Amino acid sequence: MAGIQRAEATFGGTVEQALRDINHTTNHYYGDRPTPITPGTSVAPPLGRLTHKVRGRSELVAALTDDVGGSIAVLAAGGGFGKTTVALDVARTLPRVWWVDASSRDSLLAGLAEVALQAGADSHEVREAWAGRGGSAIELLWRNLDHQSEPWALVFDNADDPDVLAATNHRVADGNGWLRTPKPTGSILVTSRTGTGWPTAARVHQVRQLDPDDGAQVLLDLVDAGDRRDAAALARRLGGLPLALRLAGRYLAVAQDAPALPGLEPPTTFMAYLERWDERFTELTEGESASPRESLSRTWEMSMDLLAERGQPQTRQLLRLISTFAEAPVPTFALDAAVMAASELLRGLTAHQLSLLLRALQDVGLLDVVESSVVVHPVIRDANRHQPDFEQNRQAYADLVARLLRDATKEHWGRDPEAWPRWRSVVPHLDVLGEIDDPELEEATATVLYHGAEYTRAVGLYAVSEALYDRSLAACLRVTGPDSESTLAVRHSRADLRRSQGDLALAETEHRALRHDLERTAADASRILDIRACLAEILHELGRSEEAEAELDDVVAERGRVLGPTALDTLEAKHRFGHLLWDRGRLTQAADEHREVLAASVAHRGDEDVYTQIVRVCHARVLQQLGRVDEAEAELRRACSAPESPLNARWFLSGLLRSRLRFEEAEVEHRGALDEFVRVLGDEHPQTLALRHDFGHLLEEKGSLPAAEAEHRQVVEAQVRLLGATHPNTLKTRHCRARILRKQERFDDAEAEFRAVLVAREGALGPDHHLVLSVRHQLGHLSEQRGDLAGAEDHHRVVIVGLTRALGARHPDTLDSRLCLGTLLHRQGRHAEAEAEFRAVSGLSARVHGAAHVNTLSSRYHLAAALSEQRRWGEAELELRAVLALAVRTLDEEHPFVAAVRDGLAALSG
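Every value quoted in this text rests on a predicted model; they were computed, and no experiment measured them. (Residues numbered from 1 in each chain as written. Predicted model: local features only at pLDDT ≥ 70, side-chain atom pairs only at ≥ 80, totals over all residues. Heavy atoms only, no water.)

Moving on: the overall build of the protein chain. Of regular secondary structure, the protein chain possesses 42 helices and eight strands. C-alpha atoms of the protein chain, sized along the principal axes, occupy 115 × 70 × 45 Å. Expressed as a percentage of the 910 residues in the protein chain, the buried residues total 55%. Considering only intrachain contacts with a sequence separation of at least 6, the fraction spanning at least 24 residues in the protein chain is 66%. Working note: accessible area of the protein chain is about 37,200 Å², and carbon and sulfur atoms make up 49% of it. Within the protein chain, one finds 105 positive and 136 negative side-chain charges whose respective centroids are separated by 3 Å. (Helix = DSSP H or I, 4+ residues; strand = E, 2+ residues; numbered from the N terminus. Buried < 20%, exposed > 50% of the residue type's maximum accessible area, 1.4 Å probe, protein only. Contact = heavy atoms within 4.5 Å. Areas by Shrake-Rupley, 256 points an atom, 1.4 Å probe, with all protein chains shown as cover. Lys, Arg positive; Asp, Glu negative; His and termini not counted. Charge placed at Lys NZ, Arg CZ, Asp CG, Glu CD.)

You can see Arg478 is positioned in helix α21 (residues 462-479). For Arg478, a relative accessible area of 40% gives the class partly exposed. When near neighbours in sequence (up to four residues on either side) are disregarded, Arg478 contacts Glu435 and Glu442. One polar contact links Arg478 to Glu442, side chain to side chain, over a distance of 2.4 Å. (Polar contact = N/O pair within 3.5 Å; in protein donor to acceptor, adjacent residues only side chain to side chain.)

The interhelical angle for the contact between helix α33 (residues 705-722) and helix α34 (residues 728-743), taken along N-to-C directions, is 155 degrees, at an axis separation of 9 Å. In terms of axis orientation, α33 runs roughly antiparallel to α34. For the pair α33 and α34, the crossing hand works out as left-handed. Facing α33, whose interface residues are Leu705, Ala708, Glu709, His712, Arg713, Val715, Val716, Gln719 and Val720, α34 presents Asn729, Thr730, Thr733, Arg734, Cys736, Arg737, Ile740, Leu741 and Lys743. Split by residue class, the contact of α33 with α34 holds eight nonpolar, five polar and five charged. (Axes fitted to C-alpha atoms, helices over the stretch in contact; angles between N-to-C directions. Parallel < 35°, antiparallel > 145°, perpendicular 65-115°, else oblique. Left-handed = near helix turned anticlockwise from the far one by under 90°. Nonpolar A, V, L, I, M, F, W, Y, C, P; charged D, E, K, R; others polar.)

With that settled, consider helix α37 (residues 789-806). It helps to recall that an α-helix has 3.6 residues per turn; residues three or four apart then point in one direction. End to end, α37 covers 25 Å across 18 residues, agreeing with the expected 26 Å (1.5 Å per residue, within 8%). Those residues of α37 lying buried are Gly791, Ala792, Glu793, His795, His796, Val799, Ile800, Gly802 and Leu803. Buried residues along α37 sit in contact with α36 (770-785) and α38 (812-827). One or two positions beyond α37, positive phi appears at Gly808, with a value near 105 degrees. (Expected span 1.5 Å × (residues − 1).)

Once that is clear, we can look at helix α18 (residues 394-409). Counted at 1.5 Å a residue, the expected span for α18 with its 16 residues is 22 Å, and the 23 Å between its end C-alpha atoms agrees. Among all positions of α18, only Tyr397, Asp399, Leu400, Val401, Ala402, Leu404, Leu405, Ala408 and Thr409 are buried. Of the surrounding secondary structure, the elements contacted by the buried residues of α18 are α13 (315-324), α14 (337-341), α17 (388-392), α19 (420-426) and α20 (439-458).

Note on terminology: a disulfide is the covalent bond linking the sulfur atoms of two cysteines. By the definition in use, this model includes zero disulfides. Between Cys640, a free cysteine, and Cys618, which holds the nearest cysteine sulfur, the sulfur-to-sulfur gap is 13 Å. (Disulfide = S-S within 2.5 Å.)

Our next topic: the pattern of salt bridges. Tallying each qualifying case throughout the model produces 87 salt bridges. Asp609 is the salt-bridge partner of Arg605, the closest N and O atoms lying 3.0 Å from each other. The class for Arg605 is partly exposed, based on a relative accessible area of 36%. Here Glu633 makes a salt bridge to Arg637, at a shortest N to O gap of 3.0 Å. In this pair, Glu633 and Arg637 both sit in helix α29 (residues 629-640), four residues apart, roughly one turn of the helix. One network of salt bridges, with partners in common, ties together Arg499, Asp530, Glu537, Glu541, Arg559, Glu572 and Arg576. (Salt bridge = Lys/Arg side-chain N within 4 Å of Asp/Glu carboxyl O.)

Attention shifts here to the nonpolar core. Counting residues in hydrophobic clusters, the biggest one holds 89 residues, and the most contacted among them are Leu321, Met340 and Leu430. The element contributing the most residues to this core is helix α31 (residues 663-681), with eight residues. Grouped together as the second largest cluster of nonpolar side chains are 45 residues, Leu552, Ile800, Leu821 and Phe838 included. (Core = buried A, V, L, I, M, F, W, Y, C linked by side-chain atoms within 4.5 Å.)

Glancing now at the side chain of Thr688. Within the element layout of this structure, Thr688 appears in helix α32 (residues 686-701). Accessibility expressed as a relative area gives 1% for Thr688, which makes it buried. Not counting residues up to four positions away in its chain, the partners in contact with Thr688 are Leu674, Phe677, Val678, Leu681, Gly682 and Asp683.

Moving on, we get to the packing of α36 against α37. It is the contact of α36 with α37, at a shortest axis distance of 7 Å, that shows an interaxial angle of 160 degrees. By the angle between their axes, α36 is roughly antiparallel relative to α37. Helix-helix and strand crossings are classified by hand; for α36 and α37 the assignment is left-handed. The residues of α37 that touch α36, namely those facing His770, Leu773, Arg776, His777, Leu779, Gly780, His781, Ser783 and Glu784, are Leu789, Gly791, Ala792, His795, His796, Val799, Gly802 and Leu803. Classifying every residue of the contact of α36 with α37 gives six nonpolar, nine polar and two charged.

Under the counting rule described, the total for this entry stands at ten aromatic pairs. Both rings, one in Tyr251 and one in Tyr273, keep their centres 5.2 Å apart while their planes meet at 75 degrees; by these two values the pair is edge-to-face. On the criterion of sequence distance, the pair formed by Tyr251 in helix α10 (residues 242-257) and Tyr273 in helix α11 (residues 270-280) is long-range, its members being 22 residues apart. A single burial state applies to Tyr251 and to Tyr273, both of which are buried. Among the aromatic residues, ring-to-ring pairing joins Trp98, Trp142 and Trp152 into one connected group. In this structure, Arg422 is placed above the aromatic ring of Phe333, and the distance from its NZ or CZ to the ring centre is 4.0 Å. Positioned above the aromatic ring of Phe652, the side-chain terminus of Arg621 is 3.7 Å from the ring centre. (Phe/Tyr/Trp six-rings, centres within 6.5 Å; stacked < 30°, edge-to-face > 60°. Lys NZ or Arg CZ within 6 Å of the ring centre and 35° of its normal.)

Below, the discussion takes up the sheet that holds strand β1 (residues 71-76). Taken together, five strands build an open sheet; the order of strands is β2-β3-β4-β1-β5 and the sheet is parallel. In this open sheet, the two edge strands, each paired with only one partner strand, are β2 (97-101) and β5 (202-206). Across the sheet, the mean angle from the axis of one strand to that of its neighbour is 20 degrees, orientation sign disregarded. Pairing between β1 and β5: five bridges, direction parallel. Across the sheet, Leu75 pairs through a bridge with His205, a residue of β5. Along the sheet, helix α5 (residues 105-118) makes contact with β2 and β3 (152-157), crossing β2 at roughly 160 degrees. (Pairing = 2+ DSSP bridges.)

Time to look at the sheet that holds strand β8 (residues 373-375). Taken in spatial order, the three strands line up as β6-β8-β7 in an open sheet, and their pairing is antiparallel. The strands lining the two open edges of the sheet, one partner per strand, are β6 (330-331) and β7 (368-370). As judged from the three bridges shared by β7 and β8, these two strands associate in the antiparallel manner. Residue pairing for β8: Val369 is matched across the bridge by Val374.

Now the structure itself:
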């Protein structure tokens, strides 16, 4: 199972894992995701499809056209009943109609963006709203629709999943999503396979079969193949299904144009067609009892009989094969004639013959080839799967699909972003892969499932990824056994997925079990070290940082001993160790680690290598924490300008600019980063949502609290839907939103949210974890704002004790809590106690961040205030002058902090 082994060797202990996934996605990784506003989108009704008069629908069309204005109408029926045809017939009678394909979320959003533009919305507003950055796209659309003074109609075609039209975390029946009751100038028309679940205001119209007379007229419109009585007989036998009638008419039209050849005697009249129908399906001669599926099936089988008689007998097997794939477009790159030719089903097929067969099936309306994909009507696909010859060869068709998917993906690894467009079209079809009798083919199938899981994990589809890993693991266990390299590789990836899903306890359990099995089987030492490095990071996230440090320190030493100090795996381990030191507040040591790794990477991999740039970004962030902001900015700009710039470089540059209060520059960089994240990862990837979360902080620091709260609320809604309400990412955003609610003095809302986060974090991490204590820190601020200074002090003292135990006395979070305690004491008039806290914090901060860091200067500024309150004005003035001298060297002259220090000096002088 070389594919899984290769992927594990490449990614199992990779740079990506070292940098928490996101640091390893670079801007040369492309994904063919649609942009929010698609230039090629049209919302004009496709009236060109109405090539003949619509029959048998006049009463329904009249009911719909009479009921315009402030209405919602739903045309409901199964596939092939002509819902879209009725909608088009209505649309051509109305003055202004927008037509939107609602068969998928992407086509719906693209169409509605164009509708919003044509309804008068500003193009910048539309682009921002559809990208999730400018308020609700739904509200923007409906605000413009409701302002229309002239009559209009909006058609949602093929809305087979009604909840595609719903707002996030709502059902379409709630009536507050894309589908709403319009004002009297507007009308909504929906076509769907379901007639239930719609808003109560919607009028649902079932689209029925045509009666024999109308069905006869449909046939007569398509072909001159007999009189009305014969046409009515055939229409009756076809069950009055419009799709079946259209296919029969097209069959007869093609048959009439076929050359007269010996042995080629297709039916060319309605009665001949009917006679051949009965001849072929003698078991269904009682047509009145035939089901719609059986009637449709017989119609399509007749079309394939015609193609077979015209010298294309393999069209039936090809359509059966395509129908074996999942109900999704089948990418043409997966239809390899050479692979098919090796099967008994399509023996000897050539690429040229395959092209001709696809064209023939398209000519008789059995499939379409759209944008390099083959699309089969779902009813046709379903009917093919119920044919006797398909049942007899079901396993052979399934095995051939497995071989086609194997060959279509064997050189395309799931975590390679350049392969993501291919995997995006393949993954829906992995659902049809089942157990296979051929061990070699089942092993290859396990590899395909593994790489599908790798792709879906990389793009943030964690639930899909888990299911694919489990299926791959089951196949590996059946074919290669529990101790094979393939099985262990899948287990490692699945265990690491637990961490991405936020289940740290299970991630630890699975990593420990895997390590035990690797050591038991005397596996390769580098694989064991990979597991240990992952385990160390999990321990750190669980708050067991001393265990984590000891584990990772040992990994660094072992890799250096076995591989050498400059091997990529050794550098990666040192890089991880630098992150661990950083998180533990040992910034100087962290900077030293990153600087060593950066120097080694430059020397051995080159200054423009992607890994070099990743380390450069991390080194810059530590420099920023140390107060060396000019150096940090220079390093980040260097990484941003590199040919293979890390995707997160602009994100972190934005954060640095924000810390320097250069908000306009920060916003430009942040929006640029967000555009790249959406292009590469998609608009709902966990890291894209994390970037939007950070944009909320930018808005907060600019003073736009309502906009910041709205941004966080939208991110939370997406995270709850995609990751779950208690995922660490979700809780982080909820925590930050609660802080903004507190700043808005919405105290009850803020406290409820803080306490919900507290319960979830305590349950997962325990009461002493620093993330739990961070919530208690915010509850202290909340108590202070409510005027409960004694309660606030209690909160801060508990937090300081906990953080000192968990992170150490010098950790930035501990120092921040002590600074908050000092300001609280100062507010209570306990100036001597406050002075003691400020002196202690400023001394420790100078050792951690440096004397010129804004955190150090801030604590000294507060110290001066405490001295002043004790009438020690000379000491206060000396302190402020020292602070000012350092501040003007590291901050802009116009920085608010510099201005505050100058104001303090002026007050003392006065």
